[in-house]
Amino acid sequence: GANDLEIYNGDPTGFIDADGDKVNKIKEALPDTPIYINSILPIQQSAIAASPALAYYDTFNQALSAFCEESGCTFIDDAFLVDESMYEPDGEHMIYSYYPKWLTYMAERAGLV
């Protein structure tokens, strides 16, 4: 997620490799289990100003989407669920009211509702 933007300093390669290994282990252990991967949510400019590596969330999302396409996972782009009123003061995390919307959308994408 967003924490990885700073760890990998804007380069999604290591992030995709590390998470890809985890996904592949799950797929080996549970081959009939569908895997859903959520996008990294947009980050406000105030948070990016404080930590410039956060600006790469879209680059990471593109890499996640490509990984999902290659590996047969479902990429869930949640960005449209977010509006400016849903951010915590840090400009990176969401307030409580975002999470029920997120959960409902994930359940819809997984065909659970």
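Structure first, text after, so check above.
Here's what I pulled together on the structure shown here. As the structure is a computational prediction, the values presented were derived from the model and not from experiment.

Parameters at a glance
- In every chain, residue numbers begin from 1 and rise along the written sequence.
- Only residues with pLDDT of at least 70 get local features here, since the model is predicted, and only at 80 or more are side-chain atom pairs given and counted; chain-wide, interface and lining totals rely on the full set of residues.
- Based on all heavy atoms of the structure, the side-chain values leave hydrogens and waters out of the count.
- Secondary structure elements are taken from DSSP: a helix is a run of H or I of four residues or more, a strand is a run of E of two residues or more, and numbering for both begins at the N terminus.
- Here a helix's expected span is defined as the number of its residues, less one, multiplied by 1.5 Å.
- A contact between two residues is defined here by any heavy atoms of the two lying within 4.5 Å.
- The rule for a disulfide is simple: a pair of cysteine sulfur atoms within 2.5 Å.
- Here the term buried applies to any residue with accessible area under 20% of the maximum for its type, exposed to any over 50%, and partly exposed to those in between, with areas from a 1.4 Å probe on protein chains only.
- Salt bridges are defined as contacts in which a side-chain nitrogen from Lys or Arg sits within 4 Å of a carboxyl oxygen from Asp or Glu.

## A few points about helix H5 (residues 98-109)
Over its 12 residues, H5 runs 17 Å from end to end, which matches the ideal 16 Å to within 8%, given 1.5 Å per residue. On its buried face, H5 is in contact with strand S2 (74-76). Once H5 ends, the next one or two residues include Gly-111, with phi positive near 75°.

## Points about the state of the cysteines
Covalently bonding the sulfur atom of one cysteine to the sulfur atom of another cysteine gives a disulfide. Within the structure shown, the criterion is met by 0 disulfides. The closest cysteine sulfur to the non-disulfide-bonded Cys-68 is located on Cys-73, 5.1 Å from its own sulfur. Here Cys-68 falls in the buried class, since its relative accessible area comes to 2%.

## Describing the pattern of salt bridges
Going through the model one piece at a time under the given rule, you end up with 1 salt bridge. The salt bridge partner of Lys-22 is Asp-19, with a shortest N-O separation of 3.7 Å. One end of the pair, Lys-22, and the other, Asp-19, are both in helix H2 (residues 12-29), 3 residues apart, so they sit about a helical turn from each other. The class of Lys-22 is exposed, set by a relative accessible area of 53%.

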